[in-house]
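Architecture at a glance
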Amino acid sequence: MCGIVGYIGHRDAYPIIVKGLQRLEYRGYDSAGIALYDGTSINLSKTKGKVEDLKNKAEKGISLTGNLGVGHTRWATHGVPNDVNSHPHYSNSGDLVIIHNGIIENYESIKKELTKRGYTFKSDTDTEVLVNLIEEVKKTEEVKLGQAVQIALNQVVGAYAIAVFDKQKPDEIVVAKLGSPLAIGIGENEFFIASDASPFIEFTNNAVYLEDQEMAIVRLGKEIKLRKIKDDAIAYPKILELQLNLEQIEKGGYDHFMLKEIYEQPHAILDTYRGRLLADQGIIRMAGIDQHLEKFVNANRIIIVACGTSWHAGLVAEYIFEDLARIPVEVEYASEFRYRNPVITDKDVLIAISQSGETADTLAAIKLAKEKGAFVFGVCNVVGSSIARETDAGAYTHAGPEIGVASTKAFTTQITILTLMALKLGKEKGEFSESKFHEYLAELENIPAKVQIALESNPLIEIIADVYKDSSNCLYLGRGYNFPVALEGALKLKEISYIHAEGYPAAEMKHGPIALIDEQMPVIVIATNKGHYEKVVSNIQEIKSRKGMIIAVVTEGDEQVTELADHVVEIPETIESLTPLLTTIPLQLLSYHIAVMRNCNVDQPRNLAKSVTVE
Ligand code: F6R
């Protein structure tokens, strides 16, 4: 889980690579490095820390000239984050330079073999082993770099997106992919290489995404040639026209990407249902479902697999699908499902939810379900991602790039798309009346405006955050549709502010967590007027009688909870199944403000990465 960038062409490589790495820091940010070829030699600078640290070091330490270069921002897998383990890595001769995103699992045995042949290693990384294996193959087999890379990759087990160049042949970069993403941007006699298109979006809209097991020799003055790593078969590059624009991947005046993305939610939700929800005609149009309607309608059950926040969206979907479409649903952590020998038949539909579309465990769960004959449907945000390509059909959330590591708009747009699916299937199965269906569609259309109103609580939430910013623990409670929102609220808080937080179904509190409650313990309770309101009120009373501090998210005009709670944040009234789209907003803002007040790095919390492409 790292970000890689490369450039070859007529421009200065340094600014392109550094800016590109900054855009890819969501993929990892514990160390960074750059290698530039200046026409005679390779200048390399690397450091523990962020791309900003790399910039400071490189600008003082090395010549920044050159039209060929590669850079890397790392999330450590093999070897601690330090200067030496940072990429790029040289081969022993000093001719070859590599950047790598992924893991070479059999690197130890290869390293032993290379050591016997006299190779030495400076770092603890699998990547330095790979570049030396390529060098050894190139020397012993007397082949060109492209072939050497291919032969070497056929000897390794693992996952990779790599870019390698040779000082002796500085008109080309060789790239290859298995398991980790790799895009090539195509300009006028120039090429950009990156983990996603964000590093080159201001230079070109044309890109090729390598498929697994493909490699390419990117050579100046030539068209890109792709080949299969295993059998050398020629593959034809599909050049895509990208829809991204620069503004979408910049902060647009906000202090953090996370805040920008929280505020983007009214628009993002609207973009998710645009062209799909035709409320005036009483239609939901979703090509991925329309083409496979029988599969869904006749499904024995739906299995949802996902990780993290996407798994929480899956839990909300369990309530929605069972409630509206009357289809049994199981929600699984992808990482457990893939190793569990689950019972799956061809009457099952598996829905994989993933913002990035690159999460390794989710991808593996999809492959397993496909092998066992299930029909697999993907809900992804990133267009052309591995999961989007691996599934039988799917629907994009169209939330736009999510750069803050803490997922926000991905969550609400995933819920939006899953709601559309459940409504569509419920209608097809005749589970509710025409008027009920219209009521849902009309209310879904109101949601962006209601999210906007929920966002207006921001100043109040900032005040509440100031009161609780020094807490060591927090409890989040919700019931029914809002139980997963409680889990998501707790995840948001712990991942960006490092405060320990737990989410629970409110009624479970008395089976254990209630023991934690004292006057130090803030308890965030989702207490909207629909869905077990009276029972949640009783839970609040239980907390109050043990001196816990209550922050309640309530429906506008609420009186009972308002009376009991220490702080209340109101959201507009809506249909019960749509409440998660509103109740999650104050929880996102609360975690954001607490993290800012604790001087935490909101967009790049420690130890995390946006895209988890390793298991
Ligand atoms: C939390 C968060 C993670 C991701 C998880 C799955 O804020 O971002 O928990 O939700 O890593 O990622 P995707 O959705 O890309 O599969």
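Every value quoted in this text rests on a predicted model; they were computed, and no experiment measured them. (Residues numbered from 1 in each chain as written. Predicted model: local features only at pLDDT ≥ 70, side-chain atom pairs only at ≥ 80, totals over all residues. Heavy atoms only, no water.)

**A short note on the packing of helix 17 (residues 483–497) against helix 20 (residues 580–597)**
To keep things clear, this is the line we draw: Axes here refer to lines fitted to C-alpha atoms; in helices the fit is confined to the stretch in contact. Angles between the N-to-C directions go from 0 to 180 degrees. Secondary structure elements follow DSSP: runs of H or I no shorter than four residues count as helices, runs of E no shorter than two count as strands, and numbering proceeds from the N terminus. Relative orientations are named as follows: roughly parallel for angles under 35 degrees, roughly antiparallel for angles over 145 degrees, roughly perpendicular for angles from 65 to 115 degrees, and oblique for any other angle. Two helices crossing with the near one rotated counterclockwise from the far one by less than a right angle form a left-handed crossing, whereas a clockwise rotation gives a right-handed crossing. Throughout, a contact is declared for two residues whenever any of their heavy atoms are within 4.5 Å. Asp, Glu, Lys and Arg are counted as charged, while Ala, Val, Leu, Ile, Met, Phe, Trp, Tyr, Cys and Pro are counted as nonpolar; the rest, among them Gly, fall into the polar class.
Viewed as axis vectors pointing N to C, helix 17 and helix 20 meet at an angle of 15°, and their least axial separation amounts to 9 Å. It follows that helix 17 is roughly parallel to helix 20 by the angle criterion. Crossing hand, helix 17 versus helix 20: right-handed. When helix 17 is examined against helix 20, the residues Val485, Glu488, Gly489, Lys492, Leu493, Ile496 and Ser497 are found in contact with a partner set consisting of Pro580, Thr583, Thr584, Leu587, Ser591, Tyr592, Ile594 and Ala595. Looking at the contact of helix 17 with helix 20 residue by residue, the classes come out as 8 nonpolar, 5 polar and 2 charged.

**Comments concerning the side chain of glutamate 488**
Examined against the element boundaries, glutamate 488 turns out to sit in helix 17. Each residue touching glutamate 488, except ones within four places of it in the same chain, is listed here: Thr309, His312, Ser407, Phe411 and Thr584.

**What about the layout of surface pockets?**
Short version of the rule: Only protein atoms enter the 1 Å grid, on which a cavity is a set of points fitting a 1.4 Å probe that cannot get out and a pocket is an open set with protein on both sides within 12 Å along at least 5 of 7 lines, lining residues being those with an atom within 4 Å of a point. Grid points are joined across faces, edges and corners, and a volume is the space filled by probe spheres set on the points.
When its volume is computed, the largest pocket comes out at roughly 1100 Å³. In this structure, the largest pocket is lined by 47 residues; those nearest its centre are Leu244, Asn381, Val382, Gly400 and Pro401. Listed by contribution, the elements that provide at least two residues to the lining of the largest pocket are strand 15 (240–241), helix 6 (257–263), helix 7 (265–273) and helix 13 (386–390). When residues of the lining of the largest pocket are assigned to their parent elements, the largest contribution, 4 residues, is made by helix 7. Class assignment of the residues belonging to the lining of the largest pocket gives a composition of 18 nonpolar, 15 polar and 14 charged. Its volume calculated, the second largest pocket comes out at about 770 Å³. In terms of lining residues, the second largest pocket is bounded by 35 residues, among which Cys307, Gly308, Thr309, Leu491 and Val612 are the most central. Elements represented by at least two residues in the lining of the second largest pocket include exactly helix 10 (308–325), strand 20 (348–354), helix 12 (360–371), helix 17 and strand 24 (500–505). The greatest single-element share of the lining of the second largest pocket, amounting to 6 residues, is contributed by helix 17. Taken together, the residues of the lining of the second largest pocket break down into 15 nonpolar, 13 polar and 7 charged.

**Examining the packing of aromatic side chains**
Basically, it comes down to this: Pairing of aromatic rings covers Phe, Tyr and the six-membered ring of Trp, with a centre-to-centre limit of 6.5 Å; geometry is then stacked below 30 degrees between planes, edge-to-face above 60, and tilted otherwise. A positively charged side chain is recorded as over a ring if its NZ (Lys) or CZ (Arg) lies within 6 Å of the ring centre. The angle to the ring normal must also be within 35 degrees.
Within the structure shown, the criterion is met by 10 aromatic pairs. These aromatic residues form a ring-pair network of at least three members: Tyr7, Phe192, Phe200 and Phe203. Its guanidinium or amino end placed over the ring of phenylalanine 437, lysine 427 lies 4.7 Å from that ring's centre, counting from NZ or CZ. Positioned above the aromatic ring of tyrosine 498, the side-chain terminus of arginine 606 is 3.8 Å from the ring centre.

**Focus on the nonpolar core**
Note the threshold: Definition of nonpolar core: a set of buried residues of the types Ala, Val, Leu, Ile, Met, Phe, Trp, Tyr and Cys, connected through side-chain atoms within 4.5 Å. Relative accessibility thresholds used throughout: buried, under 20% of the residue-type maximum; exposed, over 50%; partly exposed, between the two (1.4 Å probe, protein chains only).
Counting residues in hydrophobic clusters, the biggest one holds 90 residues, and the most contacted among them are Phe321, Ile351, Phe377, Leu418, Met421, Leu423 and Tyr476. With residues up to four places along the chain from it excluded, the contact list for leucine 418 reads Ala313, Ala317, Phe321, Ile351, Ile353 and Val379.

**A closer look at the pattern of salt bridges**
Let me state the cut-off plainly: What counts as a salt bridge is simple: a side-chain nitrogen of Lys or Arg found within 4 Å of a carboxyl oxygen of Asp or Glu.
Under the definition given, this model contains 33 salt bridges. One network of salt bridges, in which partners are shared, links Glu113, Lys116, Arg117 and Glu136.

**A short note on the sheet that holds strand 26 (residues 549–555)**
Note the threshold: Should DSSP find at least two bridges between two strands, the strands are taken to pair.
Spatially, the 5 strands line up as an open sheet ordered 24-23-25-26-27, and their pairing is parallel. In this open sheet, the two strands that pair with only one neighbour each are strand 24 and strand 27 (567–571). Mean inter-strand twist for the sheet, computed between neighbouring axes without regard to direction, equals 15°. As paired strands, strand 26 and strand 27 are joined by 5 bridges and run parallel to one another. Looking at strand 27, one finds that isoleucine 551 is bridged to histidine 567. Running over the sheet, helix 17 touches strand 23 (473–478), strand 24 and strand 25 (522–527) and is turned about 175° from strand 24. Against the sheet, helix 18 (residues 533–544) contacts strand 23, strand 25 and strand 26, and its axis sits at roughly 165° relative to strand 25.

**Focus: the site of the ligand**
Rule in force here: For this purpose, a residue is taken to be near a molecule or strand whenever a single non-hydrogen atom of the residue falls within 4 Å of it. For this analysis, a polar contact is any N or O atom pair within 3.5 Å, provided that within protein one partner can donate a hydrogen and the other can accept it, and provided that sequence-adjacent residues contribute only side-chain to side-chain pairs. Residue burial considers only the protein chains on display, and all accessible areas are found by Shrake-Rupley using a 1.4 Å probe. To decide whether a molecule occupies a pocket or cavity, check its atoms: if more than half lie within 2 Å of the grid points, it is inside.
Looking at the ligand, there are 15 residues lining it, with Ser310, Ser354, Ser356, Thr359 and Glu495 nearest. Take serine 354: an N or O atom from its side chain is 2.6 Å from an oxygen atom of the ligand. Interatomic distance of 2.8 Å between a backbone N/O atom of serine 407 and an oxygen atom of the ligand. Here the ligand has 400 Å² of accessible area as a free molecule, and 90% of this is covered by the chains. The pocket occupied by the ligand, as judged from atoms lying within 2 Å of grid points, is the second largest pocket. Put simply, the parts of the chain that give the shell around the ligand at least two residues each are helix 10 and helix 17. A breakdown of the residues in the shell around the ligand according to their chemical character gives 5 nonpolar, 8 polar and 2 charged.

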